[in-house]
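Coordinates in review
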Amino acid sequence: MGQRSSAEHRDLSALAPELSQSLLAWWELHGRKDPALKPWMFTKDGRWPEPHEHLNVLECWIAEVMLQQTQLQVVLPYWTAWMEAFPRLEVLAGADEQAVLLRWQGLGYYSRARRLLAAARQLLTELRPVGEADPQSWPQELDRWLLLPGIGRSTAGGILSSAFNSPLAILDGNVRRVLARVMAYPHPPMWHQGLFWSWSQSLIAAAPERARDLNQAFMDLGATLCTPRNPACASCPWQSACAAYASGSPDRYPVKEAPRDVPFQVIGVGVVLNQAGQVLIDQRLNEGLLGGMWEFPGGKQEPGELIEATIARELREELAIEVTVDQALICVDHAYSHKKLRFEVYLCTWCSGEPQPLASQQVRWVQPQELGAYPFPAANARIIAALMTHLGLPALDQSVSG
Ligand code: SF4
């Protein structure tokens, strides 16, 4: 940790009562209180809940997990389709993992969907017999939620404050950015998360009976005014207290980590067709960012290796098949936060060997028209579209993105 400056010692708890009140007053007028935008935040008769009222816990939970890496407007159609498919905990807990991944397709970070499923199965065994429809039968203690897969402190705080109005803070990207600016925090926020948690909690402690509203207001402020670029300080309820605004250049905050080099890799991918016109796909192991998703087989190009040789080698090593590598189908660049990939995709003809899942969960020959029934990561959507065009087949209804 770097040397501490006076900004780190600025006492937010002294400001908290005023900040909480001005934030709530702003939110009453300008908050995103639209049932069409955040249906999980409303009572069944379409009202914003009173402090003593409880909301549907499953709906709040699914929304919080979807919102972890994704903006509200993007989440809404996914949330709606998800709640139609899995309207109750027992339906979700009993669902097939493929069905769950398909519903998540396009939201990215697929481990979130698999952890949701695992958590639903775990929770189902723990709920009291009164039944899940009654919010009271769900756990209301932060510690119990933290034991579930995929639930961190901010997600748990979001679920419990939304559903039960529990006086728990959140610390998502919006909240972190706003706090870093109000306090003009001179280091990357991740350097001292504990300090940010204490700031967020002090705002809740100033009006604990309004925890639900405060957390929503905090997120709305970050999403609508205190945006990553060009914050709308002229309309902000916290302008007079904001040290970043006083500095004259609020978007210098939050201070960023020094950029690091992102590794670049070329991946050779084989779209292998057999004589029956079927295409070969495999399902990734249940680990990492894209665990459980389906994909076209392939792997990393070795230094000095021709891409055709990469593809033939990878298919031999990972599927135990021999192919001829034919023409290039498409080249797709895709950037993740930690690496950039270039997929060099070639059409291949299967020659010999029964495909074996040597580095995957399973392999399958499928008709190209059936590919839409399998969850694929984003980079594969363009490959599928190129394949359908090449084969002269109609485009599939693919919503893969992100
Ligand atoms: S004054 Fe500007 S920088 Fe400060 S919290 Fe408000 S919008 Fe953000």
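The present account deals with the structure reproduced in this document. (Residues numbered from 1 in each chain as written. Predicted model: local features only at pLDDT ≥ 70, side-chain atom pairs only at ≥ 80, totals over all residues. Heavy atoms only, no water.)

**Some words on the packing of aromatic side chains**
This is how the line gets drawn: The criterion for an aromatic pair is that two Phe, Tyr or Trp rings (for Trp, the six-membered ring) have centres within 6.5 Å, with stacked assigned to planes under 30 degrees apart, edge-to-face to planes over 60 apart and tilted to the rest. Helix and strand definitions follow DSSP, with helices as H or I runs of at least four residues and strands as E runs of at least two, each counted in order from the N terminus. Accessible area is worked out with a 1.4 Å probe on protein chains only. A residue is then buried under 20% of its type maximum, exposed over 50%, and partly exposed in between. Whether a charge sits over a ring depends on NZ of Lys or CZ of Arg being within 6 Å of the ring centre and within 35 degrees of the ring normal.
Per the counting criterion, the structure on display carries 15 aromatic pairs. Ring geometry for W61 and W138: centres 6.3 Å apart, planes at 75 degrees, overall edge-to-face. Here the residue W61 occupies a position in helix 3 (residues 57-66), and W138 occupies one in the loop between helix 7 (111-124) and helix 8 (142-146), the gap between them amounting to 77 residues. Neither W61 nor W138 differs from the other in exposure class; each is buried. On the numbers, 5.1 Å between centres and 90 degrees between planes, the contact of Y185 with F196 is edge-to-face. Pair noted here: Y185 is in the loop between helix 10 (173-182) and helix 11 (193-206) and F196 is in helix 11, with a separation of eleven residues, a long-range link. Seen from the ring of W27, K33 lies directly overhead, with NZ or CZ sitting 4.4 Å from the centre. A cation over a ring is seen here: R153 above W197, with NZ or CZ 3.8 Å from the ring centre.

**Let's talk about the side chain of D282**
What counts here: Counted as positive: Lys and Arg. Counted as negative: Asp and Glu. His and the chain ends are not counted at all. We count a salt bridge whenever a side-chain nitrogen from Lys or Arg sits within 4 Å of a carboxyl oxygen from Asp or Glu. For this analysis, residues touch if any pair of their heavy atoms sits within 4.5 Å.
Turning to its location among the elements, D282 is positioned in strand 2 (residues 279-283). At 7.0 Å, R284 is the nearest oppositely charged side chain to D282, a buried residue that forms no salt bridge. Among all residues touching D282, those that are not within four sequence positions of it are M293, W294, E295, F296, P297, S360, Q362 and V363.

**What to know about the environment of L29**
The residue L29 is located in helix 2 (residues 12-30) in this model. Overall, L29 belongs to the exposed group, its relative accessible area being 70%. Separated by 128 residues in sequence, L29 and G157 have C-alpha atoms that sit 24 Å apart.

**Thoughts on the environment of V65**
Inspection of the secondary structure assignment puts V65 in helix 3. Sequence-wise, V65 and I159 are 94 residues apart; in three dimensions their C-alpha atoms are separated by 9.1 Å. The residues contacting V65, other than those within four sequence positions of it, are W104, R112, L116 and T155.

**What about empty space enclosed by the protein?**
What counts, and what does not: We place a 1 Å grid over just the protein atoms. Points where a 1.4 Å probe fits but has no way out form a cavity, open points with protein on both sides within 12 Å along at least 5 of 7 lines form a pocket, and any residue with an atom within 4 Å of a point lines it. Grid points are joined across faces, edges and corners, and a volume is the space filled by probe spheres set on the points. Following the grouping adopted for this structure description, the nonpolar residues are Ala, Val, Leu, Ile, Met, Phe, Trp, Tyr, Cys and Pro, the charged ones are Asp, Glu, Lys and Arg, and the polar ones are all others, Gly among them.
Following the criterion strictly, the structure yields one cavity of 30 Å³ or more and no others. In terms of lining, the largest cavity is formed by 14 residues, of which the most central are C226, P231, C233, C236 and C242. Considering each element in turn, the lining of the largest cavity owes the most residues, three residues, to helix 10. For the lining of the largest cavity, the class distribution of residues is twelve nonpolar, one polar and one charged.

**Re the pattern of salt bridges**
Evaluated as defined, the whole model comprises 17 salt bridges. Residue R47 is joined to D45 by a salt bridge in which the shortest nitrogen-to-oxygen separation is 3.2 Å. On the basis of relative accessibility, which here comes to 32%, the residue R47 falls in the partly exposed class. On the accessibility criterion, D45 (55% relative accessible area) is exposed. A salt bridge links E314 to R313; the shortest N-O distance between them is 3.2 Å.

**Regarding the packing of helix 6 (residues 97-104) against helix 7**
In a packed pair of helices, the relevant descriptors are the angle between the two axes and the axis-to-axis distance. Rules: Only the stretch in contact is used when a helix axis is fitted, and all axes are lines through C-alpha atoms; the angle between N-to-C directions ranges over 0 to 180 degrees. Every angle not falling under 35 degrees, over 145, or within 65 to 115 is termed oblique; those three ranges are roughly parallel, roughly antiparallel and roughly perpendicular. Should the near helix be turned anticlockwise from the far one by less than a right angle, the crossing is left-handed, and should it be turned clockwise, the crossing is right-handed.
Contact geometry of helix 6 with helix 7 gives a least axis separation of 9 Å together with a crossing angle of 135 degrees. The angle between helix 6 and helix 7 falls in the class oblique. Handedness of the crossing formed by helix 6 with helix 7: right-handed. For the pair helix 6 and helix 7, contact is made by E97, V100, L101 and W104 and by R112, A113, R114, L116 and L117, respectively. Looking at the contact of helix 6 with helix 7 residue by residue, the classes come out as six nonpolar, no polar and three charged.

**Comments concerning unusual backbone geometry**
Looking along the chain, the bond that leaves Y253 and enters P254 is cis, with omega of -5 degrees. The backbone of N165 shows a phi angle near 60 degrees, a positive value even though the residue is not glycine. In this fold, N165 is placed in the loop between helix 9 (153-164) and helix 10. Phi at A184 is positive, roughly 45 degrees, even though this residue is not glycine.

**What to know about the site of the ligand**
Short version of the rule: One heavy atom suffices: a residue is near a molecule or strand as soon as one of its heavy atoms comes within 4 Å of it. Occupancy of a cavity or pocket is assigned to a molecule whenever over half of its atoms lie within 2 Å of that pocket's grid points.
The local shell around the ligand consists of R181, V182, C226, P231, C233, C236, Q239, C242, Y245 and P250. Using a 2 Å cut-off from the grid points, one finds that the ligand occupies the largest cavity. Tallied by class, residues from the shell around the ligand come to eight nonpolar, one polar and one charged.

**Observations regarding the environment of Y185**
The class of Y185 is buried, set by a relative accessible area of 0%. Remark: the alpha-carbon pair of Y185 and V255, spanning 70 residues in sequence, is separated by 7.4 Å.

**Some thoughts on the nonpolar core**
Soluble globular proteins tend to bury their nonpolar side chains together. What counts is decided by this rule: The term nonpolar core refers to a set of buried residues drawn from Ala, Val, Leu, Ile, Met, Phe, Trp, Tyr and Cys, joined through side-chain atoms within 4.5 Å. What counts as a domain boundary in this text is fixed by an automatic or database domain assignment.
Core analysis: the largest hydrophobic core is formed by 110 residues, its most contacted members being W61, W82, W138, W145 and F296. Sort the elements by how many residues they give to this core and helix 3 lands first, with eight residues. Residue contributions to this core reach at least three from each of two domains, namely domain 1 (13-229 + 240-252) and domain 2 (264-391). Setting aside residues up to four positions removed in sequence, W61 forms contacts with L89, L116, A119, A120, L123, W138, W145, I151 and I159. If you look at the next biggest cluster of nonpolar residues, it comprises eleven residues, including V266, V272, I307 and L315.

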